[in-house]
Amino acid sequence: QAQLVESGGGLVKPGGSLSLSCTASGFTFSHYYMSWIRQAPGKGLEWLSYISGSSSTTYYVDSVKGRFTISRDNAKNSVYLEMSSLRDEDTAVYYCARARGVDGFDIWGQGTVVTVSS
Amino acid sequence: DIQMAQSPSTLSASVGDRVTITCRASQDILAWLAWYQQKPGKAPQLLIYQSSILETGIPSRFSGSGSGTEFTLTISSLQPDDSAIYYCQHYHYYPWAFGQGTKVQIK
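Below, the discussion takes up the overall build of chain A. If you tally the helices and strands in chain A, you get zero helices and 11 strands. Scanning chain A from its N terminus toward the C terminus, one meets helices and strands in the order β-β-β-β-β-β-β-β-β-β-β. In summary, chain A has a C-alpha radius of gyration of 13 Å against a globular reference of 13 Å for 118 residues, a match within 12%. With the C-alpha coordinates of chain A rotated into their principal frame, the extents come out at 40 × 25 × 25 Å. Across the 118 residues of chain A, 49% fall into the buried class. When the accessible surface of chain A is totalled, it reaches about 5100 Å², and 48% of it is carbon and sulfur. Charge separation in chain A, taken as the distance between the mean sites of 10 positive and 10 negative side-chain charges, equals 1 Å.

Rendered as structure tokens:
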């Protein structure tokens, strides 16, 4: 069945960088938009970024624009989130999710934890 | 940007009760709204999309309604397994955004 698995989380110092990966299986990856969504400890969900199936279109929320970059490699069934200039407030569980057209996020990964701390 | 506001933040109800959660958008989002359920330590799960369409495999006690700026998620007969946090999310245009969540507790 369709599945997403994130990796790459960890502890990083403020101002540092980190790269997250999300690998898909069980569906035709290139046919779907993908997004990254995060959840700070004890807080709600925050949508971060979107990438179209062909990588031609990307969008970001203002809080990460210029610091985070979303990309994908359809040959590897993977979507990535490159994060730089990390701040304490970027500490969160980061989820990748499949956007089924305009029908919401129907498949989510298990999440990967990013901790920004000195 | 479109802001989403849910109410109440927390609700406590008994098994078998009818429960309603409201989500309000700061602008008209037509019917581009989804609802998710999240249990502790788990990723969210899609319940409803396009305001009222039940996702495959979701129990029929869940229903959604609304259009424009006001939406509701209803659980017709609350079950113990429904204890969770529920989020609405618009996808009318970018940036997409979630409501702050509603925690549903079983009395």
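Taken as a whole, the largest pocket holds about 270 Å³ of empty space. Along the wall of the largest pocket there are 18 residues; nearest its centre are Gln39(A), Gln38(B), Lys39(B), Pro40(B) and Gly41(B). Only strand 9 (92-99) of chain A together with strand 9 (84-90) and strand 11 (102-106) of chain B provide two or more residues apiece to the lining of the largest pocket. Partitioning the lining of the largest pocket into residue classes produces nine nonpolar, five polar and four charged.

Analysis parameters
Residues numbered from 1 in each chain as written. Chains lettered and ligands numbered in written order. Predicted model: local features only at pLDDT ≥ 70, side-chain atom pairs only at ≥ 80, totals over all residues. Heavy atoms only, no water. Helix = DSSP H or I, 4+ residues; strand = E, 2+ residues; numbered from the N terminus. Rg over C-alpha atoms; globule rule 2.2 N^0.38 Å. Buried < 20%, exposed > 50% of the residue type's maximum accessible area, 1.4 Å probe, protein only. Areas by Shrake-Rupley, 256 points an atom, 1.4 Å probe, with all protein chains shown as cover. Lys, Arg positive; Asp, Glu negative; His and termini not counted. Charge placed at Lys NZ, Arg CZ, Asp CG, Glu CD. 1 Å grid on protein atoms, 1.4 Å probe; cavity = no way out; pocket = protein on both sides within 12 Å on 5 of 7 lines; lining within 4 Å. Points joined across faces, edges and corners; volume = space filled by probe spheres on them. Nonpolar A, V, L, I, M, F, W, Y, C, P; charged D, E, K, R; others polar.

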